[in-house]
Amino acid sequence: MSNQILEPTPELSRKLHEKVVSDSSSTSLVNRLKGKNKELQTQSINTYQQFWKDSSNNNEEARASMYKTLTNTYYNLATDFYEYGWGECFHFARKSIGESLRESIKRHEHILFDAARIKSGMKVLDVGCGVGGPARECIRYTGAHVTGLNNNDYQIERATIYAAKHAQTEYSQFLKGDFMDMPFEENSFDAVYAIEATCHAPVLRDVYAQMYRVLKPGGYFAIYEWCLTDKFDENNEEHRRMALAIEHGDGIAKLFSTRVALQAAKDAGFEIERAEDLAHETQVGNEIPWYKDLDVGLINFNGLQGFARSQIGRIFTTNAVKLLEKVGIAPQGTVQVQDVLSTAADGLVGGAKQEIFTPMYLIVGRKPLN
């Protein structure tokens, strides 16, 4: 493995994703892999693994100091697989009996949009917007104008394509930017939200402070944060192994506790109105755990995406990617990407079952009027 770090610049992104496939269906994965610059894809995989394998960068300090390289490289590699296995909204949700994954994701988003008091005509910021799935739902549900901020060029390009497909170009824009140093003036937005995105920040207080800065006085901030819970024991080897699997599998420099996240929001200046872990309380309408669609068992025939998440589906995908590598369609090392995502799934399910991890610690705050 080369020890050279390949910086994920805009120029690299254009060369890496030589042919951007606009088809959003899960069946387009092969065409997307064919459209990659194989040499740069392999170098990107090697770069990402240096943060986790035998390398001077395999430590929390290096991952935190190079968080932009870590996260950007991860999403250059993982985005196509996310869309293949999950869809255009890269987050989790508890489900009710008989509810589809997509329906539950929409409902979960609506809870956050309502918490942020988003109304028609507002200017709203989506921090870490992915390929724009939640932003598009926010527009449909509220009638607001949504600006999506993302530091990954490939995801911005995909979000822009999808916005045009959904006739939402006038109601949205997707901009390149670091959420630790946002390219907006103070008091620019009526509401700000983030869905399972700010976990990539090396310091939570700093990214929350940026959200506070760009929010208008009296406006609301609402986030779903990935956190370790109070049940996480730093001295428990199994707990540490699961946390590291989540970090490695999801491009995260370091997971923080719910207590750290809540204090960070307070330190940023927000008046906290609600702080609640939505992951582990079973209620009417939320009977099915959020991780169930990662833990679907041996086989699942509920569509191609459901099959892809099953044990047999994961084996099938891995072997299919191996074949694509062998015949030269997929770049060398693509199987490693699939392995990284499997590591993520195992860590997430294990952490959820032991209740040491939550992907939906809800924090709602208000910026004071003065």
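Residues numbered from 1 in each chain as written. Predicted model: local features only at pLDDT ≥ 70, side-chain atom pairs only at ≥ 80, totals over all residues. Heavy atoms only, no water.

Caption draft 1: Region of the structure containing the overall build of the protein. When you go through the protein residue by residue, the secondary structure sums to 14 helices and seven strands. Its C-alpha radius of gyration of 19 Å places the protein within 12% of the 21 Å reference for a compact globule of 370 residues. In terms of its C-alpha atoms, the protein occupies a principal-axis envelope of roughly 60 × 45 × 45 Å. Relative to its full complement of 370 residues, the protein shows a buried share of 59%. Within the protein, contacts between residues separated by at least 24 positions form 76% of all contacts whose residues are at least 6 apart in sequence. Distance from the positive charge centre (41 side chains) to the negative charge centre (48 side chains) of the protein: 4 Å. (Helix = DSSP H or I, 4+ residues; strand = E, 2+ residues; numbered from the N terminus. Rg over C-alpha atoms; globule rule 2.2 N^0.38 Å. Buried < 20%, exposed > 50% of the residue type's maximum accessible area, 1.4 Å probe, protein only. Contact = heavy atoms within 4.5 Å. Lys, Arg positive; Asp, Glu negative; His and termini not counted. Charge placed at Lys NZ, Arg CZ, Asp CG, Glu CD.)

Caption draft 2: Molecular detail of the nonpolar core. Ranked by size, the top nonpolar core spans 52 residues in total, and within it Ile118, Tyr193, Trp226 and Trp290 carry the most contacts. Mapped by element, the contributors of at least two residues to this core are α6 (101-115), α7 (133-142), α8 (153-165), β4 (189-195), β5 (215-228), α10 (237-250), α14 (334-353) and β7 (357-366). For Ile118, the residues in contact, after removing those within four places along its chain, are Phe113, Val124, Cys138, Thr142, Ala144, Ala191 and Tyr193. (Core = buried A, V, L, I, M, F, W, Y, C linked by side-chain atoms within 4.5 Å.)

Caption draft 3: Fine view of α6. Between its terminal C-alpha atoms α6 stretches 21 Å, which fits the 21 Å expected from 15 residues at 1.5 Å a residue. By the burial criterion, the buried members of α6 are Leu101, Ser104, Ile105, His108, Glu109, His110, Leu112, Phe113 and Ala115. Taken from the residues just after α6, Arg117 is the one with a positive phi, measuring 55°. (Expected span 1.5 Å × (residues − 1).)

Caption draft 4: Molecular detail of the state of the cysteines. Under the counting rule described, the total for this entry stands at zero disulfides. Cys129 takes part in no disulfide bond, and the closest cysteine sulfur to it belongs to Cys89, at a distance of 11 Å. Cys199 supplies the cysteine sulfur nearest to Cys227, a cysteine that is in no disulfide, at a spacing of 8.7 Å. (Disulfide = S-S within 2.5 Å.)

Caption draft 5: Geometry of the pairing of strand β1 (residues 123-127). Counting buried positions along β1 gives four out of five residues, so the element sits mostly inside the fold. Bridge analysis of β1 against strand β2 (residues 145-150) gives five bridges, and the strand direction is parallel. Residue pairing across strands places Val124 opposite Val146, the latter belonging to β2. Handedness of the crossover joining β1 and β2 through α7: right-handed. (Pairing = 2+ DSSP bridges. Right-handed = clockwise from strand over helix to strand, strands pointing away.)

Caption draft 6: Just the pairing of strand β3 (residues 172-176), in detail. Note that β2 and β3 share five bridges and pair parallel. Bridging across to β3, Asn150 finds its partner in Lys176.

Caption draft 7: Main features of the packing of helix α9 (residues 204-214) against helix α11 (residues 258-268). One way to put it is that α9 packs onto α11 with a least axis distance of 8 Å and a crossing angle of 40°. As far as their axial angle goes, α11 and α9 are oblique. Seen from above, α9 lies across α11 with right-handed handedness. Residues Leu204, Arg205, Tyr208, Ala209 and Tyr212 of α9 form the contact with α11, whose participating residues are Ala261, Ala264, Ala265, Asp267 and Ala268. Each residue belonging to the contact of α9 with α11 can be placed in one class, and the counts come to eight nonpolar, no polar and two charged. (Axes fitted to C-alpha atoms, helices over the stretch in contact; angles between N-to-C directions. Parallel < 35°, antiparallel > 145°, perpendicular 65-115°, else oblique. Left-handed = near helix turned anticlockwise from the far one by under 90°. Nonpolar A, V, L, I, M, F, W, Y, C, P; charged D, E, K, R; others polar.)

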